[in-house]
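Summary of the model geometry
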Amino acid sequence: MGREKASEVIVCSCPAFGDADPDNAYLQLGERHVSRPLLWCQQVLALAILVKYGHHPELKVGIIRMVTHDGGAMSPRPRRVTQREIAELAGVSQTTVSVVLNDRDGSNVRVPEATRARVRQAIEQLSYVADPAARRLAGLDNQIIGVFTYEAALSPESMDFYGPLLNGIERAAEQIGWDLLFFTSSPVENGTRRLFHRKTRLRLTDGCVLLGQQMVASELERLVAEQFPFVAIGRRDETAAKVPYVAIDYTTPTTVLIDQAAAGGHQQALYVHRGRDTPTARDRRDAVEGASAAGRLAFLLVGEERIADLPRLARATGATLIIAEDAFLAEDVAHALSGAGVAVPDEVSLAALGEVRGHRVEGRALAGFHVPRPQLAAEALDLLQLLINTAPQKWAGLDRERLLVAEVEPGDTIVARTDTPS
């Protein structure tokens with residue numbers, strides 16, 4: 001195989017360029033090698049286009065990336081397709097493709113729903129994503145950050161997790177003067193959303209923040225392959241692709257909390273978990289099992305479906321401490337214990353391996369963690385802006401995996417043991 005050569009063709013499209021022939025409403029700014037900037041004359045031409053047509057709502061800018069070998073064969077490397085290709089596959093004009101891409105709430109009667117469906121199918125087949133890098137090249141960046149959650153984020157049961165994150169993202173975006181676009185058009189199906197749902201307006205943003213307990217591996221791989229700027233909240237191991245992320249280190253504070261309990265005289269404990277197979281859930285579980293294997297504090301792992309059995313299990317094992325995966329689960333544990341006449345924390349201490357501020361048990365502050373979610377959000381936007389403003393070929397040199405450590409909140413629900421369990 002010969003040596004690769006890479007070049008990019010920079011194009012602008014606007015109906016005003018080709019009123020006589022909308023199918024060819026393209027103006028080619030010229031070809032540049034990836035390693036060289038645009039020629040000054042191409043920059044002047046781009047500026048002239050913006051001055052004359054910048055107000056036009058359908059002005060588009062794009063980059064067609066060409067990767068060839070000395071022998072002339074095209075490399076299978078992923079690339080972004082053009083509106084022309086979409087139009088050809090769907091059997092429509094480029095103007096029609098532009099109308100559908102801009103969506104216009106489906107109110108344009110000139111485009112029948114059957115035609116829209118063909119265009120959407122062609123888009124999905126060709127994996128079209130508008131190129132933010134191209135828009136920035138011509139000064140057309142929207143300064144809009146997308147926010148996508150794989151689960152419903154504004155439900156009462158989700159707000160404890162998502163609320164501080166979304167608040168932090170809002171504040172961070174305000175500080176840098178950018179707007180947020182919260183994706184809600186993709187429906188929740190089987191407990192999760194799809195980022196590349198036909199209604200998702202990802203192309204309107206310069207980059208995107210992804211949130212979710214679990215994410216779709218194929219979508220993460222596609223974003224990485226297409227070099228679309230994005231940052232995931234939470235460490236991702238759904239794929240081997242190099243996913244940029246900002247996450248919380250739960251291993252360190254879990255180890256600290258366990259060691260503090262052991263130093264307080266606790267020898268036997270129960271760990272109540274939700275059975276989730278997520279990176280953070282595995283981090284907590286691994287730290288618990290590691291402490292047990294090392295003999296620092298012996299644990300019996302119990303699934304949340306057995307909460308009603310906890311009073312009996314505590315007595316049978318001599319456990320003086322129960323640690324739950326999160327604060328809400330800890331509250332359920334406390335309810336089960338009090339219902340069986342077990343005093344918390346006098347008889348059995350209680351803690352949670354998650355955010356506990358605002359959570360109380362029997363009038364006492366629950367022991368656990370403080371998770372710096374506003375800082376997490378700020379770090380995510382800082383990393384995303386860095387990716388947006390850096391050429392993709394230089395991303396490898398950036399710190400794209402950032403960890404923040406949760407703080408241990410001592411609370412009042414872990415008490416020292418002076419007795420030895422019988």
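Residues numbered from 1 in each chain as written. Predicted model: local features only at pLDDT ≥ 70, side-chain atom pairs only at ≥ 80, totals over all residues. Heavy atoms only, no water.

Another aspect to go through is helix 7 (residues 217–225). For helix 7, the complete set of buried residues consists of E219, L220 and L223. Along the long axis of helix 7, the arc covered by the buried residues comes to 100 degrees, so they all point the same way. Those residues of helix 7 hidden inside the fold are in contact with strand 6 (207–211) and strand 7 (230–233). (Buried < 20%, exposed > 50% of the residue type's maximum accessible area, 1.4 Å probe, protein only. Helix = DSSP H or I, 4+ residues; strand = E, 2+ residues; numbered from the N terminus. Arc of directions from axis to C-beta. Contact = heavy atoms within 4.5 Å.)

When pLDDT is averaged along the protein, the result is 78, and 73% of the positions lie at 70 or above. Every residue in residues 1–44 scores below 50 in pLDDT, and together they form 107 contacts with partners more than four places removed in sequence or on other chains. (pLDDT = per-residue confidence, 0-100.)

As a further point, take the sheet that holds strand 17 (residues 407–409). Read across the open sheet, the six strands follow the order 10-9-11-12-15-17; overall the sheet is mixed. At either margin of the open sheet sits one strand with a lone partner, and together these are strand 10 (298–303) and strand 17. In this sheet, adjacent strand axes meet at a mean angle of 20 degrees when their direction is disregarded. Sheet topology places strand 9 (residues 268–273) next to strand 11 (residues 321–324); four bridges connect them, and they run parallel. The residue of strand 11 that forms the bridge with V272 is A324. (Pairing = 2+ DSSP bridges. Axes fitted to C-alpha atoms, helices over the stretch in contact; angles between N-to-C directions.)

All right, on to the pattern of salt bridges then. Tallying each qualifying case throughout the model produces 14 salt bridges. Between R282 and D237 there is a salt bridge whose closest N-O contact spans 2.2 Å. Of this pair, R282 sits in helix 9 (residues 279–293) while D237 sits in the loop between strand 7 and strand 8 (245–249), placing them 45 residues apart in sequence. Measuring nitrogen to oxygen at the nearest pair gives 3.1 Å for the salt bridge that ties E409 to R357. Here E409 is found in strand 17, whereas its partner R357 is found in the loop between strand 12 (349–355) and strand 13 (360–361), with 52 residues between them in sequence. Relative accessible area serves as the criterion here: at 46%, R357 is assigned to the partly exposed category. (Salt bridge = Lys/Arg side-chain N within 4 Å of Asp/Glu carboxyl O.)

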